[in-house]
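# Observations on the three-dimensional arrangement
Residue strings, one per chain:
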Amino acid sequence: KIQIEGMAGLANLFGPHLYKHGVGEVGTKAVLKDKTHIGIFFGAAWSGSCKQFLEPLVKVYKKLTEEKGKKFEIVYVPATVPGRPPEDEQSFKELMEIMSWLAIPLSRKAIHRKLTRRFQVRQIPMLVLLDADGKTIHRDITPAITHIIEGEDGDSFAEQFPWDEKRQTNIKSMLGEAFLKGDGSSVSIAELEGKYIGVLFSATWHWNCRRFQQMLEYMYDKLKNEGKPFEIVDMDFSADIPWLALPQKAYEVKQKLGEAFRVEQCPMLVIIDPDGSVVTTEGVEIVNKDTDGDCFPWTPKPLYDLSTLEPEILGEMNDTVTCVVLCEGCSEDVKQELNKAMMPVAQDAFDAAKASGCEAGMLFFTATETSDVVHQLRMSCELGEPTASPQMVLLDIPDSGAYYVFDGDNITTENINAFIVDYDEERLERKELQEDADAEGGDQA
């Protein structure tokens with residue numbers, strides 16, 4: 001987890017001013033200067049789930065700040081939710097009367113969108129916990145806080161502050177020291193040194209899991225035969241598995257891993273790198289699309305080429321704002337210049353995702369050659385055939401297939417950044433993908 005540089009980083013994250021009910025706007029640096037922990041609360045005044053969540057959250061906030069004297073603060077962010085109207089001033093003020101903490105000013109729509117994107121808000125309410133330097137301590141502590149509504153005062157939960165996340169940075173350290181082969185023999189964690197690991201959540205009794213395991217076994221055998229540094233650790237042991245499994249009595253390890261990745265359905269395959277960091281949680285999608293494992297080890301990158309679409313981000317395009325520069329008809333020199341122009345923007349977003357402990361909040365692509373996917377994008381966005389001039393489009397598929405087209409062909413780093421700012425500020429003309437577009441094309445956010 002990368003660290004934001006103190007108060008300057010928090011001001012950059014939240015903007016120079018925050019809102020306090022009964023006071024108005026206050027300086028971000030001044031109001032957060034002595035805080036050791038900051039919660040970012042993503043919600044909406046129209047959401048019944050958020051209003052229900054406020055009861056335990058207010059209880060915990062008062063317990064920590066008034067009774068225990070903790071240097072804790074919360075910043076409310078009106079989440080941008082596709083298909084829902086933006087929060088109006090009256091609703092915002094009514095909500096702030098309940099919440100005695102801070103908020104991003106209602107008028108700062110661009111900051112609302114950037115934070116919602118950066119922390120990959122898929123559902124509200126959601127509460128992210130940061131330390132004083134802006135480092136993500138917990139990506140979503142909402143479920144734990146919600147549970148205290150069942151108790152009388154939440155004392156035991158407040159005592160656990162600051163609620164370190166169950167999902168550790170080094171996932172390998174959560175796996176334990178030994179694993180089992182199908183024949184019952186034991187394998188030490190040391191034998192996985194230098195390997196990429198697929199952590200498999202599955203259920204042998206379920207037909208969908210059994211079908212997926214057949215596909216996974218094909219890829220696994222192929223990668224092993226090619227000498228690739230890859231292993232699988234299954235949560236469910238059976239005598240016929242070709243890979244490794246956790247011991248049957250490793251109940252606590254299995255529970256912690258399930259909670260860490262909030263496993264709600266099976267199968268789920270999490271890929272981690274040799275250092276134990278998460279490469280992707282979209283392992284099932286990878287196996288379905290990259291059946292031969294040609295793109296191993298599927299490590300994320302700041303910038304992709306849409307012409308050679310890689311499986312690790314196929315599923316993410318449906319859930320993530322995506323910026324694409326199409327340049328199939330341009331000269332090689334122009335293609336290289338466009339790549340150079342886009343890379344700093346893509347790298348900044350990539351680094352911000354690491355700082356937030358999340359997957360990328362925005363994907364970036366060039367499209368240098370014609371392909372089925374690129375052709376479909378052109379048709380869906382009514383961009384016409386490739387020409388010698390580049391085109392840029394921003395896709396927001398979660399928002400009912402919305403897209404936005406850059407006006408002009410002067411695509412520089414500055415103009416790419418400005419295009420994204422205009423999107424965040426809602427200054428662009430919104431269009432929707434054509435209905436015949438391919439599948440590219442609590443309360444959900």
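The rules we used
- Residues numbered from 1 in each chain as written.
- Predicted model: local features only at pLDDT ≥ 70, side-chain atom pairs only at ≥ 80, totals over all residues.
- Heavy atoms only, no water.
- Helix = DSSP H or I, 4+ residues; strand = E, 2+ residues; numbered from the N terminus.
- Pairing = 2+ DSSP bridges.
- Contact = heavy atoms within 4.5 Å.
- Axes fitted to C-alpha atoms, helices over the stretch in contact; angles between N-to-C directions.
- Expected span 1.5 Å × (residues − 1).
- Buried < 20%, exposed > 50% of the residue type's maximum accessible area, 1.4 Å probe, protein only.
- Phe/Tyr/Trp six-rings, centres within 6.5 Å; stacked < 30°, edge-to-face > 60°.
- Lys NZ or Arg CZ within 6 Å of the ring centre and 35° of its normal.
- Arc of directions from axis to C-beta.
- pLDDT = per-residue confidence, 0-100.
- Salt bridge = Lys/Arg side-chain N within 4 Å of Asp/Glu carboxyl O.
- Parallel < 35°, antiparallel > 145°, perpendicular 65-115°, else oblique.
- Nonpolar A, V, L, I, M, F, W, Y, C, P; charged D, E, K, R; others polar.

## With respect to unusual backbone geometry
- For the peptide bond that leads from Cys 266 to Pro 267, omega is 0°, which places it in the cis range.
- Here Pro 267 shows up in the loop between α9 (251–260) and β14 (268–272).
- Of the consecutive residues Phe 296 and Pro 297, the connecting peptide bond is found in the cis state with omega at 10°.
- In this fold, Pro 297 is placed in the loop between α10 (283–289) and β16 (304–305).
- One non-glycine residue with positive phi stands out, namely Ser 400, at about 55°.

## Side note on the sheet that holds strand β21 (residues 431–432)
- Strands sit in the order β16-β18-β17-β19-β20-β21 across an open sheet of 6 strands; the sheet is mixed. In this open sheet, the two edge strands, each paired with only one partner strand, are β16 and β21.
- By the bridge criterion, 4 bridges tie strand β19 (residues 391–396) to strand β20 (residues 402–405) in an arrangement that is antiparallel. By the bridge assignment for β20, Val 393 is matched with Val 405.
- Along the sheet face, helix α13 (residues 372–380) touches β17 (321–326), β18 (362–367), β19 and β20 and points at about 100° away from the line of β17.

## Digging into helix α8 (residues 207–225)
- With 19 residues, α8 ought to run about 27 Å at 1.5 Å a step, and its terminal C-alpha atoms sit 27 Å apart, in line with that.
- For α8, the secondary structure elements touched by its buried residues are β11 (196–201), β12 (230–234), β14 and α10.
- Directly after α8, the chain includes Gly 227, whose backbone phi takes a positive value near 75°.

## Examining the environment of Gln 265
- Note on placement: Gln 265 falls in the loop between α9 and β14.
- Of the residues examined, Gln 265 reaches a relative accessible area of 63% and is grouped as exposed.
- Considered as a pair, Gln 265 and Ser 202 are 63 residues apart in the sequence and their alpha carbons are 8.6 Å apart.

## Description of the environment of Ala 341
- Relative to the assigned elements, Ala 341 resides in helix α12 (residues 332–356).
- When the C-alpha atoms of Ala 341 and Asn 415 are compared, they prove to be 9.2 Å apart, with 74 residues separating the residues in sequence.
- With sequence-adjacent residues up to four places away left out, Ala 341 is seen in contact with Ile 411, Thr 412, Thr 413 and Ile 416.

## Some thoughts on the packing of aromatic side chains
- Tallied over the entire structure, the rule returns 17 aromatic pairs.
- Between Tyr 61 and Trp 101, the ring centres sit 5.1 Å apart and the planes meet at 75°, which makes this aromatic pair edge-to-face. Here Tyr 61 is found in helix α3 (residues 48–67), whereas its partner Trp 101 is found in the loop between α4 (89–98) and β5 (102–103), with 40 residues between them in sequence. Judged on exposure class, the residue Tyr 61 and its partner Trp 101 are both buried.
- A centroid spacing of 5.8 Å and a plane angle of 70° characterise the contact between Phe 230 and Phe 296, whose relative ring orientation is edge-to-face. Of this pair, Phe 230 sits in strand β12 while Phe 296 sits in the loop between α10 and β16, placing them 66 residues apart in sequence.
- For Phe 296, a relative accessible area of 14% puts it in the buried group.
- Counting every residue linked through ring pairs, the aromatic cluster contains Tyr 19, Phe 41, Phe 53, Tyr 61, Phe 72, Tyr 76, Phe 92 and Trp 101.
- The positively charged end of Arg 113 is found above the aromatic ring belonging to Tyr 423, 4.0 Å away from the centroid.

## Quick word on helix α14 (residues 413–424)
- With 12 residues, α14 should cover 16 Å at 1.5 Å per step; its first-to-last C-alpha distance of 17 Å lies within 8% of that length.
- Listed in full, the buried residues belonging to α14 are Ile 416, Phe 419, Ile 420, Tyr 423 and Asp 424. Viewed end-on, α14 has its buried residues packed into an arc of 140°, placing them on one side of the element.
- Phi turns positive one or two residues past the end of α14, at Glu 426, with a value near 60°.

## Quick look at the confidence of the model for the chain
- Counting all residues, the mean pLDDT for the chain is 85, and 87% of those residues have values of 70 or more.
- Counted against residues more than four places away or in other chains, residues 1–5, with its pLDDT under 50, gives 18 contacts.
- Within the model, the stretch residues 437–441 combines pLDDT values under 50 with 12 contacts to residues more than four positions away or in other chains.

## Comments concerning the pattern of salt bridges
- Overall, the coordinates contain 17 salt bridges when judged by the stated rule.
- When the shortest N-O distance is used, the salt bridge between Lys 222 and Glu 226 registers 2.7 Å.
- You can call Lys 222 partly exposed: its relative accessible area is 24%.
- The class of Glu 226 is partly exposed, set by a relative accessible area of 40%.
- Through salt bridges with shared partners, one network takes in Arg 113, Arg 117, Asp 424 and Glu 426.

## With respect to the packing of helix α5 (residues 109–118) against α14
- Where α5 meets α14, the closest approach of the two axes is 8 Å, and the angle between their N-to-C directions is 105°. On the basis of the axis angle, α5 is roughly perpendicular to α14. Along its contact with α5, which presents Lys 109, Ala 110, Arg 113, Lys 114 and Arg 117, the element α14 presents Ile 420, Tyr 423 and Asp 424.
- When the residues that make up the contact of α5 with α14 are grouped by side-chain class, the tally is 3 nonpolar, no polar and 5 charged.

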